[in-house]
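One letter stands for each residue in the lines below.
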Amino acid sequence: MDETTKSNLKAIPLCRTKASPRDGDLWIERLKEEYESIIKAVQNNKDNDRDWFRLESNNDGTKWFGKCWYFHDMVKYEFDVEFDIPITYPVTAPEIALPELDGKTAKMYRGGKICLSEHFKPLWARNAPKFGIAHAFALGLGPWLAVEIPDLVEKQIISPKA
């Protein structure tokens, strides 16, 4: 992991509560921590001119959705992003999906779920339950976009939205 990534990661607050949606009031506490981390990550990104996602959840925090974007050759590529919180969260990382890219790259599972198994999942396992959604975006989705989007553009599989 390069120094910039480490620095960005250290700026995202860690979660303290080990709780899943099944855990009632503990889940509410975890959800507060998740939102604090996401808000801090977005603010850090904005402060460093690296703003690249927006997220929100349903009322109980089990379904998340929003937008993410990536700039390649000064052109913005924007995608819907979504995921559900697994029952075994935070031991199990969420499976982040970009539905409109489903089937366009080998590094994706059915339904547009991005492949994070080789590099990200071992990192998540070592850091659970401290890592949360903001960490999954910073260490999972962000690097995935940085590798896959330029490749998809160069192969003319995707183009910017009008």
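So, how was this worked out
- Residues numbered from 1 in each chain as written.
- Predicted model: local features only at pLDDT ≥ 70, side-chain atom pairs only at ≥ 80, totals over all residues.
- Heavy atoms only, no water.
- UniProt positions renumbered as here; feature names shortened; annotations may be inferred.
- Buried < 20%, exposed > 50% of the residue type's maximum accessible area, 1.4 Å probe, protein only.
- 1 Å grid on protein atoms, 1.4 Å probe; cavity = no way out; pocket = protein on both sides within 12 Å on 5 of 7 lines; lining within 4 Å.
- Points joined across faces, edges and corners; volume = space filled by probe spheres on them.
- Helix = DSSP H or I, 4+ residues; strand = E, 2+ residues; numbered from the N terminus.
- Expected span 1.5 Å × (residues − 1).
- Disulfide = S-S within 2.5 Å.
- Axes fitted to C-alpha atoms, helices over the stretch in contact; angles between N-to-C directions.
- Parallel < 35°, antiparallel > 145°, perpendicular 65-115°, else oblique.
- Contact = heavy atoms within 4.5 Å.
- Nonpolar A, V, L, I, M, F, W, Y, C, P; charged D, E, K, R; others polar.
- Phe/Tyr/Trp six-rings, centres within 6.5 Å; stacked < 30°, edge-to-face > 60°.

1. A word on the UniProt feature "active site" (unreviewed entry) in the protein
Working step 1: As annotated in UniProt, the feature "active site" (unreviewed entry) corresponds to C115 in the numbering used here.
Working step 2: Residue C115 is classed as partly exposed on the basis of its relative accessible area, which comes to 26%.

2. Looking at the layout of surface pockets
Working step 1: Taken as a whole, the largest pocket encloses approximately 1,100 Å³ of empty space.
Working step 2: As for the largest pocket, its lining consists of 41 residues, and the residues nearest its centre are A138, G142, P143, W144 and A146.
Working step 3: Every element with two or more residues in the lining of the largest pocket is listed here: α1 (3–10), α2 (25–47), β2 (63–72), α3 (120–127) and α4 (133–154).
Working step 4: It is α4 that provides the largest number of residues to the lining of the largest pocket, a total of eleven residues.

3. Some words on α4
Working step 1: With 22 residues, α4 extends 30 Å from end C-alpha to end C-alpha; this agrees with the ideal 32 Å at 1.5 Å per step.
Working step 2: Within α4, 16 of the 22 residues are buried, leaving the element largely enclosed by the surrounding structure.
Working step 3: Of the residues one or two after α4, Q156 is the one with positive phi, at around 60 degrees.

4. Things to note about the state of the cysteines
Working step 1: As enumerated under the stated definition, the model contains zero disulfides in all.
Working step 2: The thiol sulfur of C68 is not disulfide-bonded, and the nearest other cysteine sulfur, from C115, lies at 16 Å.
Working step 3: Residue classification places C68 among the buried positions, given a relative accessible area of 0%.

5. What to know about the packing of α2 against α4
Working step 1: Interaxial distance between α2 and α4 falls to 7 Å at its minimum, and their mutual angle equals 40 degrees. Comparing their axes, α4 and α2 come out oblique. For the pair α2 and α4, the contacting residues are E34, S37, I38 and A41 in the first and I133, A134 and H135 in the second.
Working step 2: In the contact of α2 with α4, the residues fall into four nonpolar, two polar and one charged.

6. Some details on the packing of aromatic side chains
Working step 1: For the structure shown, the criterion picks out ten aromatic pairs.
Working step 2: Aromatic pair Y89 and W124: ring centres 6.0 Å apart, planes at 45 degrees, arrangement tilted. Residue Y89 is found in the loop between β3 (75–84) and β4 (108–109), and its partner W124 is found in helix α3; the two are separated by 35 residues along the sequence.
Working step 3: Among the residues examined, W124 registers a relative accessible area of 1% and is labelled buried.
Working step 4: A connected cluster of aromatic rings, assembled from ring pairs, spans Y35, W52, F53, W64, F83 and F137.

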